[in-house]
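What follows is the residue order along each chain.
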Amino acid sequence: MLPERDSHVAQALAVSDETLLVPDFWLGEATNVLWLQVRRGILTPDEAREGLALLRAQVEPTPTAGMELHDMALEIGLAVNHSTYDTLYLAFAIAVGARGVVVSDAPFVRDMQRHPDQALAAMLIPLDVWARENTARA
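Residues numbered from 1 in each chain as written. Predicted model: local features only at pLDDT ≥ 70, side-chain atom pairs only at ≥ 80, totals over all residues. Heavy atoms only, no water.

S.K.: Give me the overall build of the chain: which residues, what numbers.
M.R.: Along its length, the chain carries 8 helices and 2 strands. Along the chain, helices (α) and strands (β) appear in the sequence α-α-α-α-α-β-α-α-β-α when read from the amino end. Once local pairs closer than 6 in sequence are excluded, the contacts in the chain between residues at least 24 apart make up 59%. Accessible surface for the chain amounts to roughly 8,900 Å². Of this, 56% is attributable to carbon and sulfur atoms. (Helix = DSSP H or I, 4+ residues; strand = E, 2+ residues; numbered from the N terminus. Contact = heavy atoms within 4.5 Å. Areas by Shrake-Rupley, 256 points an atom, 1.4 Å probe, with all protein chains shown as cover.)

S.K.: Could you give an account of helix 4 (residues 69–80), naming the residues involved and the relevant values?
M.R.: For an α-helix, the turn length of 3.6 residues means that residues three or four places apart are oriented alike. Over its 12 residues, helix 4 runs 17 Å from end to end, which matches the ideal 16 Å to within 8%, given 1.5 Å per residue. Listed in full, the buried residues belonging to helix 4 are Leu69, Ala73, Ile76, Gly77 and Val80. One side of helix 4 carries all its buried residues, which in axial view fall inside an arc of 100 degrees. Facing away from the buried surface of helix 4 by more than 90 degrees, the exposed residues are Asp71, Glu75 and Leu78. Residues of helix 4 that are buried sit in contact with helix 5 (84–96), helix 6 (106–112) and helix 7 (118–121). At the exit of helix 4 stands Asn81, carrying a positive phi of roughly 55 degrees. (Expected span 1.5 Å × (residues − 1). Buried < 20%, exposed > 50% of the residue type's maximum accessible area, 1.4 Å probe, protein only. Arc of directions from axis to C-beta.)

S.K.: Describe the packing of helix 2 (residues 26–39) against helix 3 (residues 45–58), listing the residues and the values that go with them.
M.R.: Contact pair helix 2 / helix 3: the axes reach a minimum separation of 9 Å and the direction vectors enclose 160 degrees. In terms of orientation, helix 2 and helix 3 fall into the roughly antiparallel class. The interaxial crossing formed by helix 2 with helix 3 has right-handed handedness. The residues of helix 3 that touch helix 2, namely those facing Trp26, Leu27, Ala30, Thr31, Leu34 and Val38, are Pro45, Ala48, Gly51, Leu52, Leu55 and Arg56. Class assignment for the residues of the contact of helix 2 with helix 3 results in 9 nonpolar, 2 polar and 1 charged. (Axes fitted to C-alpha atoms, helices over the stretch in contact; angles between N-to-C directions. Parallel < 35°, antiparallel > 145°, perpendicular 65-115°, else oblique. Left-handed = near helix turned anticlockwise from the far one by under 90°. Nonpolar A, V, L, I, M, F, W, Y, C, P; charged D, E, K, R; others polar.)

S.K.: Can you lay out unusual backbone geometry for me, pointing to particular residues and giving the numbers?
M.R.: Despite not being glycine, Glu68 shows a phi value in the positive range, around 50 degrees. Inspection of the secondary structure puts Glu68 in the loop between helix 3 and helix 4. One non-glycine residue, Asn81, lies in the positive phi region at around 55 degrees. Looking at the secondary structure, you find Asn81 in the loop between helix 4 and helix 5.

In structure tokens:
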């Protein structure tokens, strides 16, 4: 985990009993984040390489080739005026029948509140809400 304000919560999610699914395109985004951390001088190139290896080992990405996610992601993005880079994750969750998507992205959560389908909007679970609900259960 990169050291951020809520890294400890993300780590708790990663080691929880939750069934975690990630789409195959996630690794591309994670790779870019690692590169950016090297560019900013936060990680060394070797640390970025190690981070990528750890990410690959933690959760096996789910292939998305036959899921036709892009049409759904575009429709969601158009409905709430939000980037399809984010709405692709929600389209993936719908396609695999997930109960929700845990996110650490307040603007995405806020934008999704405008979606006409409130059940779809409710699929986003802010990381801090997940933490509160799971701390209460523990």
